[in-house]
Amino acid sequence: LTAADEYSHRYTKGETVKLWVNKVGPYNNPQETYVYYSLPFCSTKPVDELEHRWDALGEVLEGNDLISSGFDFQFLEPVADHTRICRMQLTEDDTAKLQYAVRNHYWYQFYLD
């Protein structure tokens, strides 16, 4: 009998790898963070329907909120160039949020698992 977890798992070719999103924030102030989807990023379904993952109390205390992006990849499989992942119409408010984030050098955090 064997078992594997996220620390000991080894992927095989073609196995699904999930893209998790975490948080965003201004580069010059890493303590100021926001949920990734506080900015109008593409999502495969409404954000409140996406899977959340909290592994331990420490992650919660650090402000981590891993949310499945809904975008899955296959391990060691190529992704076609220029693959469309979504199409969205930005409102004036959405545009202003993205412009603010760019002007303030926001960073973002992803995890592949």
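Since the model is a prediction, treat every value here as computed from it, not as a measurement.

K.L.:
Just give me the short version of the state of the cysteines, but keep the residues and values in it.
P.N.:
Working definition of a disulfide: a covalent bond connecting the sulfur atoms of two cysteines. Under the definition given, this model contains 1 disulfide. Note that Cys 42 is cross-linked by a disulfide to Cys 86, the S-S spacing being 1.7 Å. Highlighted residues: Cys 42 in the loop between β2 (34-35) and β3 (52-53) and Cys 86 in the loop between β4 (66-74) and α2 (92-103), separated in sequence by 44 residues.

K.L.:
Outline the pattern of salt bridges, supporting the account with residue identities and numerical values.
P.N.:
Following the criterion strictly, the structure yields 2 salt bridges and no others. The partner of Lys 18 in a salt bridge is Glu 51, and the shortest N-O contact between them spans 2.6 Å. Placement of the pair is Lys 18 in strand β1 (residues 16-26) and Glu 51 in the loop between β2 and β3, with a sequence separation of 33 residues. The class of Glu 51 is partly exposed, set by a relative accessible area of 41%.

K.L.:
Give me the layout of surface pockets: which residues, what numbers.
P.N.:
By volume, the largest pocket is sized at about 340 Å³. Taken together, 17 residues line the largest pocket, and the ones lying closest to its centre are Leu 19, Ser 69, Phe 71, Phe 73 and Ile 85. Listing elements by their share of the lining of the largest pocket, those giving two or more residues are β1 and β4. Here the lining of the largest pocket gets 5 residues from one element, more than from any other, and that element is β4. Grouping the constituent residues of the lining of the largest pocket by class yields 12 nonpolar, 3 polar and 2 charged.

K.L.:
Quick rundown of the side chain of Asn 64? Include the residues and the values.
P.N.:
Here Asn 64 lies in the loop between α1 (57-61) and β4. Engagement of the side chain of Asn 64 in a polar contact is seen with the side chain of Lys 23, the distance being 3.0 Å. Excluding anything up to four places from it in sequence, Asn 64 contacts Asn 22, Lys 23, Trp 54, Glu 59 and Gln 109.

K.L.:
Kindly report on the packing of aromatic side chains, identifying the contributing residues and their values.
P.N.:
Following the criterion strictly, the structure yields 7 aromatic pairs and no others. An aromatic cluster of at least three residues, connected via ring pairs, comprises Tyr 36, Tyr 37, Phe 41, Tyr 108 and Phe 110. In this arrangement the basic side chain of Arg 53 is found over the ring face of Trp 20, its NZ or CZ atom lying 5.0 Å from the centre.

K.L.:
Explain the confidence of the model for the protein to me, using residue names and the numbers behind them.
P.N.:
Counting all residues, the mean pLDDT for the protein is 87, and 95% of those residues have values of 70 or more. When mean pLDDT is taken per element in the protein, α2 scores highest with 97 and α1 scores lowest with 79.

K.L.:
I'd like a rundown of unusual backbone geometry, residues and numbers included.
P.N.:
It is generally the case that most residues other than glycine have a negative phi and that most peptide bonds are trans. Even without glycine at this site, Leu 76 takes up a positive phi of about 65°. The topology assignment puts Leu 76 in the loop between β4 and α2.

K.L.:
So what's going on with the side chain of Asn 22? Residues and values would help.
P.N.:
Inspection of the secondary structure assignment puts Asn 22 in strand β1. One polar contact links the side chain of Asn 22 to the main-chain amide nitrogen of Asp 65, over a distance of 2.8 Å. A polar contact of 2.5 Å, which involves the side chain of Asn 22, links it to the side chain of Gln 109. Asn 22 has contacts with Tyr 34, Val 35, Tyr 36, Gly 63, Asn 64, Asp 65, Leu 66, Gln 109 and Tyr 111, leaving out every residue within four places of it along the chain.

Calculation notes
- Residues numbered from 1 in each chain as written.
- Predicted model: local features only at pLDDT ≥ 70, side-chain atom pairs only at ≥ 80, totals over all residues.
- Heavy atoms only, no water.
- Disulfide = S-S within 2.5 Å.
- Helix = DSSP H or I, 4+ residues; strand = E, 2+ residues; numbered from the N terminus.
- Salt bridge = Lys/Arg side-chain N within 4 Å of Asp/Glu carboxyl O.
- Buried < 20%, exposed > 50% of the residue type's maximum accessible area, 1.4 Å probe, protein only.
- 1 Å grid on protein atoms, 1.4 Å probe; cavity = no way out; pocket = protein on both sides within 12 Å on 5 of 7 lines; lining within 4 Å.
- Points joined across faces, edges and corners; volume = space filled by probe spheres on them.
- Nonpolar A, V, L, I, M, F, W, Y, C, P; charged D, E, K, R; others polar.
- Polar contact = N/O pair within 3.5 Å; in protein donor to acceptor, adjacent residues only side chain to side chain.
- Contact = heavy atoms within 4.5 Å.
- Phe/Tyr/Trp six-rings, centres within 6.5 Å; stacked < 30°, edge-to-face > 60°.
- Lys NZ or Arg CZ within 6 Å of the ring centre and 35° of its normal.
- pLDDT = per-residue confidence, 0-100.

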